[in-house]
Amino acid sequence: MSIIFLVPLFSGIINLIIALFLLNASRNNRERIIFAFFCLSVSLWLFGTYAMLISKDEQSAIFFDRIAYSGVAFIAVFMYHFSLIFCKKNDKKIFLLWIGYALGLVFMFLAIKSDLFVNSLYKYQWGVHTIAQQYHHYFLLFFLFYTILFFKNIYFFYKKEVGVKKIQTFYILFGFSILYISSIEFLPAYKISVPPI
């Protein structure tokens, strides 16, 4: 087993610990609860990716990548939801939020059940990955739309804030920008060889 396969496992464990800590410590804080659910979604994605990479047969690899996508289906919506609460905009944008959760459910179902989301495997030097099908293209548009909304909310909030809140907002922008780089994880689904870093 390649050391690179341990990256998603280690990252998944870290996200799970953060989520469990936040859920335990933040029963009445909506901002922290939504961030905890975001971390759980990221954990599911990473654990599914790890299991896909170490799978011994094609069916197991496809199954675990479908599990990974069931977490990815909600990452962008949880990011957007977090931005609404953090930026105190939740009352104005509730319609887009519920549409996002509904679409997340649809894409989760498609990822798990439909061969028109991902299907078969493509082999790389570093391992295997499922191949994107037509519903996956729509999913990428959905993911892009909600992440753009997130970054827009956080960026404009950062521009108008001062003091400690501005510093917090900077770190949120910085941290999520690093996370957004991990979107290159979609490239292997399109037969572009990028290891899961």
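My aim in this report is to walk through the structure given alongside it, one point at a time. Predicted model only: the values in this text are computed from it and were never measured. (Residues numbered from 1 in each chain as written. Predicted model: local features only at pLDDT ≥ 70, side-chain atom pairs only at ≥ 80, totals over all residues. Heavy atoms only, no water.)

1. Quick look at the overall build of the chain
Selection rule: Here a strand is any run of E in DSSP of at least two residues, a helix any run of H or I of at least four, and the numbering for each starts at the N terminus. In this setup the radius of gyration rests on C-alpha atoms only. A globule is expected at 2.2 Å times the number of residues raised to 0.38. Exposure classes here rest on a 1.4 Å probe applied to the protein chains alone. A residue is buried below 20% of its type maximum, exposed above 50%, and partly exposed in between. Whether two residues are in contact is decided by their heavy atoms: any pair within 4.5 Å suffices.
When helices and strands are counted, the chain shows six helices and two strands. Starting at the N terminus and walking to the C terminus, you meet the elements of the chain as α-α-α-α-β-β-α-α. At 17 Å, the chain has a C-alpha radius of gyration in line with the 16 Å of a compact globule built from 197 residues. By the burial criterion, 46% of the 197 residues in the chain qualify as buried. Put simply, of all contacts in the chain between residues at least 6 apart along the chain, 68% involve residues at least 24 apart.

2. Looking at the packing of aromatic side chains
Selection rule: Two rings belonging to Phe, Tyr or Trp (six-membered ring only in the last case) form a pair when the distance between their centres is within 6.5 Å. Interplanar angles under 30 degrees mark stacking, angles over 60 mark edge-to-face geometry, and anything in between is tilted. Put simply, a charge is over a ring when the Lys NZ or the Arg CZ is close to the ring centre, within 6 Å, and near the line of the ring normal, within 35 degrees.
Applying the stated criterion to the full structure yields 32 aromatic pairs. Measuring from ring centre to ring centre gives 5.5 Å for F35 and F82, while their planes differ by 55 degrees; the resulting arrangement is tilted. Of the two residues, F35 sits in helix α2 (residues 30-54) while F82 sits in helix α3 (residues 58-86), which places them 47 residues apart along the sequence. Ring geometry for Y155 and F156: centres 5.5 Å apart, planes at 70 degrees, overall edge-to-face. Overall, the relative accessible area of 38% leaves Y155 in the partly exposed class. An aromatic cluster is present here, built from Y69, Y80, F107, F117, F139, F142, F143, F145, Y146 and F186 joined pairwise through their rings. Over the face of the ring belonging to F86 we find K165, whose NZ or CZ atom lies 4.2 Å from the ring centre. Positioned above the aromatic ring of Y158 is the side chain of K166, whose terminal nitrogen or guanidinium carbon lies 4.2 Å from the ring centre.

In short, geometric facts, not functional conclusions.
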